[in-house]
Amino acid sequence: MTGNVDLSVQRDALISQLYQVDDVDVIQKVQRSLNRALATVKKVTAKKNEEEEEYITKEELEQRLLNAFTEMYRAKKEGWKLKTAEELIDEL
């Protein structure tokens, strides 16, 4: 909760300073800096998410394989027509 209050206070102080600026060049520089900072944060967040998604635990892998084999077994037993690997690749 304190973090949100501090964030609001800092944001309001920055906006107040921007309201007092009468030079368009300064505002444009601040805007470019803000855009660069936001782009950097977005890249770091995306990279972090990619790293997190890259690894799965052994238990997750086992569960996925079990689900896949269970589906194959049921399809074979009940006579379902499943897509071939080639058909799945073509969909991508």
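Residues numbered from 1 in each chain as written. Predicted model: local features only at pLDDT ≥ 70, side-chain atom pairs only at ≥ 80, totals over all residues. Heavy atoms only, no water.

**Student:** With reference to specific residues and values, describe the overall build of the protein.
**Tutor:** Looking only at helices and strands, the protein features four helices and zero strands. In the protein, the order of α-helices and β-strands from amino to carboxyl end is α-α-α-α. For 92 residues, the compact-globule estimate of 2.2 N^0.38 gives 12 Å, and the C-alpha radius of gyration of the protein, at 26 Å, exceeds that figure by more than 25%. Distance between charge centres in the protein, computed from 15 positive and 19 negative side chains, equals 2 Å. (Helix = DSSP H or I, 4+ residues; strand = E, 2+ residues; numbered from the N terminus. Rg over C-alpha atoms; globule rule 2.2 N^0.38 Å. Lys, Arg positive; Asp, Glu negative; His and termini not counted. Charge placed at Lys NZ, Arg CZ, Asp CG, Glu CD.)

**Student:** I'd like to hear about helix H3 (residues 58–78), residue by residue, with values.
**Tutor:** In an α-helix, one full turn covers 3.6 residues, which means residues spaced three or four apart are oriented alike. If you check H3, its first and last C-alpha atoms are 30 Å apart, about what 21 residues at 1.5 Å a residue would give, namely 30 Å. Of the residues flanking the end of H3, it is Gly-79, one or two places downstream, whose phi is positive at about 80 degrees. (Expected span 1.5 Å × (residues − 1).)

**Student:** Which residues make up a nonpolar patch on the surface, and what values go with them?
**Tutor:** There is a patch of nonpolar side chains on the surface, built from Ile-56, Leu-61, Leu-65, Phe-69, Met-72, Trp-80 and Leu-82 and spanning about 680 Å² of accessible area. By relative accessible area, which is 53% here, Phe-69 ends up exposed. (Patch = residues over 30% accessible without salt bridge, like charges linked within 9 Å, V, L, I, M, F, W, Y side chains within 5 Å. Areas by Shrake-Rupley, 256 points an atom, 1.4 Å probe, with all protein chains shown as cover. Salt bridge = Lys/Arg side-chain N within 4 Å of Asp/Glu carboxyl O. Buried < 20%, exposed > 50% of the residue type's maximum accessible area, 1.4 Å probe, protein only.)

**Student:** Break down the environment of Thr-57 for me, citing the residues and quoting the values.
**Tutor:** With respect to the helices and strands, Thr-57 occurs in the loop between helix H2 (24–54) and H3. Classification of Thr-57 by relative accessible area gives partly exposed; the value is 40%. Along the backbone, Thr-57 and Val-44 are 13 residues apart, and their C-alpha atoms lie at a distance of 23 Å.

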